[in-house]
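# Chain and residue survey
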Amino acid sequence: GMWVIGSSVLLNITDFELGSFYKLLDYPLETLLALIAMMIWGSCTVIGKNLLKSYSPSVVVFWRWAFATVTLGVHMTILGHEIQWGQLADFSVLWRVLCISTVMGCFAMVVYYNGLKRFPASLTAFIELSYPAFTMLVGSAYLYHKIEILQLIGLVSLTGAIFFMVKGSTIFEKKKTRS
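Residues numbered from 1 in each chain as written. Predicted model: local features only at pLDDT ≥ 70, side-chain atom pairs only at ≥ 80, totals over all residues. Heavy atoms only, no water.

### So, a nonpolar patch on the surface
Definition in use: Patches in this entry comprise residues that are over 30% relatively accessible and not in a salt bridge; like charges within 9 Å are linked, as are nonpolar side chains (Val, Leu, Ile, Met, Phe, Trp, Tyr) within 5 Å. Using the Shrake-Rupley algorithm and a 1.4 Å probe, accessible areas are obtained, with residue cover drawn only from the displayed protein chains. In the sections that follow, a salt bridge refers to a side-chain nitrogen of Lys or Arg positioned within 4 Å of a carboxyl oxygen of Asp or Glu. For helices the rule is a DSSP run of H or I covering at least 4 residues; for strands it is a run of E covering at least 2, with both sets numbered from the N terminus onward.
A grouping of Leu 29, Leu 32, Leu 33, Leu 35, Ile 36, Met 38, Met 39, Ile 40 and Trp 41 is seen on the molecular surface, where their side chains present a nonpolar patch of about 920 Å² in accessible area. Structurally, Leu 29 can be placed in helix H2 (residues 28-51).

Here it is, written out as structure tokens:
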């Protein structure tokens, strides 16, 4: 587990700014909110695993998104935020919102819950920690960010850590048959 976390840290280092993690102390509220979100997401993995005992991944995703939409609508109403529907008239904005909500949102969530149904929640949570690697690669391809050598080392290390965690998992051991 520590191997995965250490590799993820390397993936987030840019321009060899090893001290950049201390900058988190300059933003205590934001850092606290990120930690709270992380704890909530971790809880979602365990609760989702429990739901998958009774429901298909598609049903779990449907209800998760349905309740999230209602909750967000109430939240926006309470805070007085206005939905600016006119922005969706711009095709480039509409296209990005559709991609985020369908392919990168619903479809990814269905794939995630299908994996969660088959893997232990703890193993799934560690595999999920590979998202910084994909963020780095997409950022490099889409936003033309430069990939640093430490990030490449982190990518190779993370891939190895996840491989050994999955390979070492007891869910892949052959069941012994009694003769």
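### Concerning the packing of aromatic side chains
Each aromatic ring pair is characterised by the separation of its centres together with the angle its planes make. Definition in use: Pairing of aromatic rings covers Phe, Tyr and Trp, the last counted by its six-membered ring, and requires centre-to-centre distances within 6.5 Å; plane angles under 30 degrees mean stacked, over 60 mean edge-to-face, and any other angle means tilted. A 1.4 Å probe rolled over the protein chains alone gives each residue an accessible area, and that area as a share of the maximum for its type sets the label: buried under 20%, exposed over 50%, partly exposed in between.
Under the criterion given, the structure shown has 4 aromatic pairs. Each ring, one from Phe 62 and one from Trp 63, has its centre 5.0 Å from the other, and the planes form 80°; the classification is edge-to-face. Residue classification places Trp 63 among the partly exposed positions, given a relative accessible area of 46%. Among the aromatic residues, ring-to-ring pairing joins Phe 62, Trp 63 and Phe 67 into one connected group.

### Some remarks on the environment of Gly 115
Assignment of secondary structure puts Gly 115 in helix H4 (residues 91-118). The class for Gly 115 is partly exposed, based on a relative accessible area of 24%. Sequence separation between Gly 115 and Lys 49 is 66 residues; the distance between their C-alpha atoms is 9.9 Å.

### As for unusual backbone geometry
In the Ramachandran plot, Tyr 144 falls in the positive-phi region, its phi being about 60° despite a non-glycine side chain. Summarising the element assignment, Tyr 144 is placed in the loop between helix H6 (131-142) and helix H7 (149-168).

### A look at helix H5 (residues 121-128)
An α-helical turn contains 3.6 residues, so any two residues separated by three or four positions project in the same direction. Which entries qualify depends on this criterion: Think of it as the arc spanned by the lines of direction from the helix axis to the C-beta atoms. Only heavy atoms matter for contacts: two residues are in contact if any of them lie within 4.5 Å across the pair.
Every buried residue of H5 is accounted for by Ala 121, Leu 123 and Thr 124. Across the axial projection of H5, the buried residues extend over an arc of 160°, all falling on one side. Packing partners of the buried residues in H5 comprise H2, H4 and H7.

### Description of the packing of H2 against H4
The relative placement of two packed helices comes down to the angle between their axes together with the axis-to-axis distance. Quick note on the threshold: Note on definitions: angles span 0 to 180 degrees between N-to-C directions of axes, and those axes are lines fitted to C-alpha atoms, for helices only across the stretch in contact. The labels follow the angle: roughly parallel below 35 degrees, roughly antiparallel above 145, roughly perpendicular from 65 to 115, and oblique for the rest. Polar here means any residue other than Ala, Val, Leu, Ile, Met, Phe, Trp, Tyr, Cys and Pro, which are nonpolar, and Asp, Glu, Lys and Arg, which are charged; Gly is therefore polar.
One can describe the packing of H2 onto H4 by two numbers: an axis separation of 9 Å at closest approach and a directional angle of 70°. As summarised for this structure, H2 and H4 are arranged roughly perpendicular, according to the angle between their axes. Contact residues: Thr 45, Gly 48 and Lys 49 in H2; Tyr 112, Tyr 113, Leu 116, Lys 117 and Arg 118 in H4. Here the residues of the contact of H2 with H4 are counted per class, giving 3 nonpolar, 2 polar and 3 charged.

### Describing the confidence of the model for the protein
Under the convention used in this document: Along the chain, pLDDT gives the predictor's confidence residue by residue, from 0 to 100.
Residues with a pLDDT of 70 or more make up 80% of the protein, whose mean pLDDT is 80. The least confident element of the protein, judged by mean pLDDT, is helix H1 (residues 2-11) at 64; the most confident is helix H3 (residues 57-79) at 92.

### What about the side chain of Thr 124?
Mapped onto the fold, Thr 124 is located in helix H5. Contact partners of Thr 124, with chain neighbours within four places excluded, come to Tyr 112, Gly 115, Leu 116 and Phe 119.

### Side note on the environment of Ile 47
Along the polypeptide, Ile 47 turns up in helix H2. Placed 74 residues apart in sequence, Ile 47 and Ala 121 show a C-alpha to C-alpha distance of 9.3 Å.

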